[in-house]
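Below are the chains, spelled out letter by letter.
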Amino acid sequence: MKKRYILLFSILFLNQIFSQEKYLAKDGYISFFSHSLVEDIKADNNQVLSIIDKETGEIAIQLLMRSFLFKKALMQQHFNESYVESHKYPKAKFKGYIINFKDLNKENSNTEIKGTLSIHGKEKEISTIAKVIIHEGEINISGDFMVEVADFNIKIPAIVRNNIAKIIKVTFEIKHKPYLK
Amino acid sequence: MKIKKFKILVGFLLLFGIGIFYLLNLYNKPLLNIKKSNADISISAQQLLDDYQKDETSSNKKYINNVIQVSGEISDIKVDNGNSVIILKDVNGQSSVMCHMSPEDNLNTLKLKKNDKIVVKGMCTGYLLDVIIVRCVLVNK
């Protein structure tokens, strides 16, 4: 009798684990773009890690600052060593949730994502309009938003102040697949 | 007297020109050519993973900013949007070493199969759920 209870219990418990459906992406895309009169700067990161909980619409994103690739070596060096200080703060993180996640479907994919963005050791609440497409076992999110460099305590030396925009455009496109252990 | 002044002026202009040329060169310097540069560190995928799982901070200090050469067995190859990723096996667990290939090596990547043993070199950028190496090129043994 006792064995049966244990069996029943473990089946229930297993169900619990599998019903917590997680969707995972290890090669999401995030880029940022700075436009100024002197020059345009763009950097791409194709190694973004993101997890969505399909039950709650919670989303957690992590990326490595050093995975941002620039066109020019000097830009990448300055970005990592002087501006975002990748040796001290190697990762940027976002934790938040997709609003109205349960009501989204193929036709209705426009929503908002809200949460806390953490870069260079500073946190800031952000919210952005996003497209969240749930289709054929995948969850694809995409959109863009603006961040202010000053919000994250990133200091730009006076000599290049005209080369770098005060407000940077961040673009994201992440395809999540069901997480299989 | 006039000729001397002229010579000094030419000298200054020359120095100025060299300075500008040097700065422009520095400014326009492309990213390090991985294919042509020698690896600073040679290591197996498993050893790299073990190091990262033991101590991420000290591993970052050791591996980041260096060209590293990694050998391992392929567990999977993914191609998406013209970017290919080779995933190297982790014997002990769920993690892996993810090698994001340079686009110029896409053709060679297509010829590879699961369980092939390969050597790649690239730039290590750190650890999320996996160790990430970007701008990888295949190394012929």
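What you are looking at is a predicted structure, and each value in this text was computed from that prediction instead of being measured. (Residues numbered from 1 in each chain as written. Chains lettered and ligands numbered in written order. Predicted model: local features only at pLDDT ≥ 70, side-chain atom pairs only at ≥ 80, totals over all residues.)

Brief notes about the overall build of chain A
Across its full length, chain A carries two helices and eight strands. Across chain A, helices and strands are ordered from the amino to the carboxyl terminus as α-β-β-β-α-β-β-β-β-β. Excluding contacts between residues fewer than 6 apart, the proportion of contacts in chain A whose partners are at least 24 apart in sequence is 55%. (Helix = DSSP H or I, 4+ residues; strand = E, 2+ residues; numbered from the N terminus. Contact = placed C-beta atoms within 7 Å.)

Brief notes about the overall build of chain B
Scanning chain B for helices and strands turns up four helices and six strands. When its helices and strands are written in sequence order, chain B yields α-β-α-α-β-β-β-α-β-β. Relative to the 2.2 N^0.38 estimate, which gives 14 Å for 141 residues, the radius of gyration of chain B is 22 Å and therefore markedly larger than a compact globule would have. Principal-axis analysis of the C-alpha atoms gives chain B an extent of 80 × 35 × 30 Å. In chain B, buried positions account for 27% of the 141 residues. Across chain B, the fraction of contacts at a sequence separation of at least 24, relative to all contacts at a separation of at least 6, is 59%. (Rg over C-alpha atoms; globule rule 2.2 N^0.38 Å. Buried ≥ 20, exposed ≤ 12 C-beta atoms within 10 Å, placed from the backbone.)

Quick notes on the pairing of strand 4 (residues 91-98) of chain A
When strand 3 (residues 58-64) of chain A meets strand 4 of chain A, the two strands line up antiparallel, connected through seven bridges. Bridge assignment links A:Leu63 to a residue of strand 4 of chain A, and that residue is A:Ala92. (Pairing = 2+ DSSP bridges.)

Quick look at the confidence of the model for chain B
Scored by pLDDT, chain B has a mean of 89; 99% of the residues are at 70 or more. Confidence estimates for the predicted assembly give a pTM of 0.84 and an ipTM of 0.82. (pLDDT = per-residue confidence, 0-100.)

So, the sheet that holds strand 1 (residues 22-35) of chain A
Spatially, eight strands are ordered 1-2-3-4-5-6-7-8 (chain A) in a closed barrel, and the strand pairing comes out antiparallel. Neighbour-to-neighbour, the strand axes of this sheet turn through a mean angle of 25°, independent of strand direction. (Axes fitted to C-alpha atoms, helices over the stretch in contact; angles between N-to-C directions.)

Overview of the domain arrangement of chain B
Under the domain assignment, chain B is made up of domain 1 (1-30) and domain 2 (41-138). On a C-alpha basis, the centres of domain 1 of chain B and domain 2 of chain B stand 46 Å from each other. (Domains from an automatic or database assignment.)

Digging into the interface of chain B and chain A
Residue-level contacts link 21 residues of chain B with 15 residues of chain A. Mapped onto the side of chain B that touches chain A, the elements with two or more residues apiece are helix 1 (2-27), strand 3 (83-88), strand 4 (97-101), strand 5 (117-127) and strand 6 (131-138) of chain B.

Focus on helix 2 (residues 45-54) of chain B
Residue and element names in this part refer to chain B. Of all the residues in helix 2, the buried ones are Ala45, Leu48, Leu49 and Tyr52. Down the axis, helix 2 shows its buried residues gathered within 95° of arc, on one side only. Away from the buried face of helix 2 by more than 90 degrees, exposed residues Gln47 and Lys54 are located. (Arc of directions from axis to C-beta.)

What to know about the environment of A:Asn163
All names here are of chain A. Within the secondary structure, Asn163 is located in the loop between strand 7 (138-148) and strand 8 (167-178). On the basis of neighbour count, Asn163 is assigned to the partly exposed category, with 16 C-beta atoms found within 10 Å. Considering only alpha carbons, one finds Asn163 and Ser36, 127 residues apart in sequence, at a separation of 5.8 Å. Those residues within four positions of Asn163 in sequence are excluded, and the remaining contacts are Ser36, Val38 and Glu39.

Regarding helix 2 (residues 73-83) of chain A
Buried residues of helix 2 of chain A: A:Met75, A:Phe79 and A:Asn80, and no others. All buried residues of helix 2 of chain A fall inside an arc of 120° around its axis, so they share one side.

A few points about the environment of A:Val132
Residues and elements named next belong to chain A. With respect to the element layout, Val132 can be found in strand 6 (residues 122-135). For Val132, a count of 25 C-beta atoms within 10 Å puts it in the buried group. Separated by 40 residues in sequence, Val132 and Phe172 have C-alpha atoms that sit 12 Å apart. Not counting chain neighbours up to four residues away, the residues in contact with Val132 comprise Ile98, Leu104, Ser109, Thr111, Ile139 and Ile141.

Details of the pairing of strand 5 (residues 110-119) of chain A
Residues and elements named next belong to chain A. For strand 4 and strand 5, the ladder comprises six bridges, and the chain directions are antiparallel. The residue of strand 5 that forms the bridge with Ile98 is Ile113. In this structure, strand 5 lies alongside strand 6, joined through ten bridges in antiparallel fashion. Paired with Lys114 across the strands is Ser127, a residue of strand 6.

Examining the nonpolar core
Counting 54 residues, the largest nonpolar core has A:Leu63, B:Leu48, B:Val70, B:Val97, B:Cys99, B:Val131 and B:Ile133 as the members making the most contacts within it. Filtering out sequence-adjacent residues up to four positions away, B:Leu48 remains in contact with B:Ile43, B:Val70, B:Val97 and B:Val131. (Core = buried A, V, L, I, M, F, W, Y, C linked by C-beta atoms within 7 Å.)

Some words on the confidence of the model for chain A
For chain A, per-residue confidence averages 88 on the pLDDT scale, and 88% of positions sit at 70 or higher. Across chain A, the element-wise mean pLDDT spans from 54 in helix 1 (residues 2-19) of chain A up to 96 in strand 3 of chain A.

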